[in-house]
Amino acid sequence: MAQENKLNDLEYCVRKGIGMHALKPLRNGVGKRQQDVAEYLGVSQSLVCKWERRPGCRNHVVTSTTSNHEAPTMEQVLQLCVFLEMSFARMVQIAIDTESRERFLFSDEILGAARVIAGSQSQRLPNMPADPKGPDHFELIRKLERSVYLGSFLSEPSTGESQPRVEHFLMETSVPLRSGAVPAFMHVVGKAGNGYRCNIVSPPNQRHLYVYMRQDSARNDRAILVFYGDEDIQGLYACGSGAMLSTDRKSGAKRLQWVTIVRICDNNDELTSNCEDEGQMSGIQRELSLLARSMAANEADRSFVASDVLRGFDDVVCEHLMRPLPSPEGWKLDLDCLKDRQDEFYKKVCLGGGVANDLGSCWRKTHRKE
């Protein structure tokens, strides 16, 4: 018994139309190759090539067995919407526009039904371009995945002290979500039971990284960290010199201060490295916020910050954190000033003496990771 030709099926025609007419121009528009698409979706480049290929004749037959090889699945189409920063309705409209002229796939009935799917959104914004992220936008975010970072900032001087002291936090990052954000978990050294849930994002047309922090325990703390994603640093994000906006717990006053992070090793913790979509995050972050291991973590953290390696690093970072904050230019604060600080800090901690390597070895030793 002959199988039904999927060219009579609306869903297949829409999927194939997107692959054949929309995928190539949209990925070219953001500087992506077939290989980039394949790696993002976890498929072969030859499969992506097959999606983009136009049929050799108008009377070809596509069966249920072969349809998912000829066109991306609906799940893959939705992933492409995220990857290419384009709405589903707009992708369908691109396929409609081409098929209206050339008719490779769509019959009159299919064309009419596809127009309904595209709906008013694509008709209202017929020339709406993709969100103009640079070709390496998500690559910048991915540089922070599966890492352990040591952070440093200055605390208010205690009673009887004239100078602030360097405080530390540890930030463990996960794999990127499909939304493009990298989830992370952060805690101040000695306070592992009161952790912060974080999302690291980077807006379009910027090299800046924003770390949004929230703590549901204690006083419901919120904070934001801003770093510059230096394009000269290849591969993983090695370090950052940035600014932190937070709230003083005692006075409630807002404060803006310098902050640094240094990547000290990979994050292989199964609680933070195996989360790939928003739906999984709540359970994982709930487990992390409980931190049954907090007592052991606190002890290991204190051993880490008491080490000679970290005390030597604090001498380097304290001078960096004590500098005056930049003055606003007119009515705005120009965060591009972070780039110069980033360059200088990178040279101090990652080049030459390689302080970051020593920090990583010390952290793994005190936390029994090696």
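Residues numbered from 1 in each chain as written. Predicted model: local features only at pLDDT ≥ 70, side-chain atom pairs only at ≥ 80, totals over all residues. Heavy atoms only, no water.

1. Description of the pattern of salt bridges
Overall, the coordinates contain eight salt bridges when judged by the stated rule. A salt bridge links arginine 263 to aspartate 266; its shortest N-O distance comes to 2.4 Å. On the basis of relative accessible area, aspartate 266 is assigned to the partly exposed category, the value being 46%. A salt bridge links glutamate 319 to arginine 323, with the shortest nitrogen-to-oxygen separation between them at 3.2 Å. Classification of glutamate 319 as partly exposed rests on a relative accessible area of 40%. What you see here is one network of salt bridges that share partners, running through Glu319, Arg323 and Glu344. (Salt bridge = Lys/Arg side-chain N within 4 Å of Asp/Glu carboxyl O. Buried < 20%, exposed > 50% of the residue type's maximum accessible area, 1.4 Å probe, protein only.)

2. Some thoughts on the confidence of the model for the chain
Averaged over all residues, the pLDDT of the chain is 77; the fraction at 70 or higher stands at 77%. No element of the chain has a lower mean pLDDT than helix H10 (residues 278-290), at 47, and none a higher one than strand S1 (residues 147-154), at 92. Below a pLDDT of 50 lies the segment residues 120-135, which in the model reaches 26 contacts outside its immediate sequence neighbourhood of four places, other chains included. Segment residues 276-291 is flagged for pLDDT under 50; beyond a separation of four residues in sequence, or across chains, it makes 28 contacts in the model. (pLDDT = per-residue confidence, 0-100. Helix = DSSP H or I, 4+ residues; strand = E, 2+ residues; numbered from the N terminus. Contact = heavy atoms within 4.5 Å.)

3. Examining the sheet that holds strand S8 (residues 254-266)
Working definition: the strands of a sheet are paired by backbone hydrogen bonds and lie parallel or antiparallel to each other. Strand order in the closed barrel formed by eight strands is S1-S2-S3-S4-S5-S6-S7-S8, and the pairing between neighbours is antiparallel. In this sheet, neighbouring strand axes are inclined to one another by 30° on average, regardless of whether the strands run parallel or antiparallel. Taken strand by strand, helix H13 (residues 337-349) contacts strand S5 (208-214), strand S6 (222-228), strand S7 (239-247) and S8, and its axis lies near 125° from that of S7. (Pairing = 2+ DSSP bridges. Axes fitted to C-alpha atoms, helices over the stretch in contact; angles between N-to-C directions.)

4. Section: the pairing of S1
Burial analysis of S1 places eight of its eight residues in the buried class, the great majority of the element. Of the two faces of S1, the one carrying Ser147, Tyr149, Gly151 and Phe153 and the one carrying Val148, Leu150, Ser152 and Leu154 are both buried. In this sheet, S8 lies alongside S1 in antiparallel orientation, the contact comprising six bridges. Looking across to S8, one finds that serine 152 is bridged to threonine 260. Of the pairings in the sheet, the one linking S1 to strand S2 (residues 166-173) comprises seven bridges and is antiparallel in character. Along S2, the bridge assignment pairs tyrosine 149 with methionine 171.

5. Quick look at unusual backbone geometry
Even without glycine at this site, glutamate 85 takes up a positive phi of about 55°. Counting through the fold element by element, glutamate 85 comes out in the loop between helix H5 (74-83) and helix H6 (88-102). By relative accessible area, which is 21% here, glutamate 85 ends up partly exposed. Even without a glycine there, the phi angle at arginine 146 is positive, about 45°. Among the structural elements, arginine 146 can be located in the loop between helix H8 (137-142) and S1. Accessibility expressed as a relative area gives 36% for arginine 146, which makes it partly exposed.

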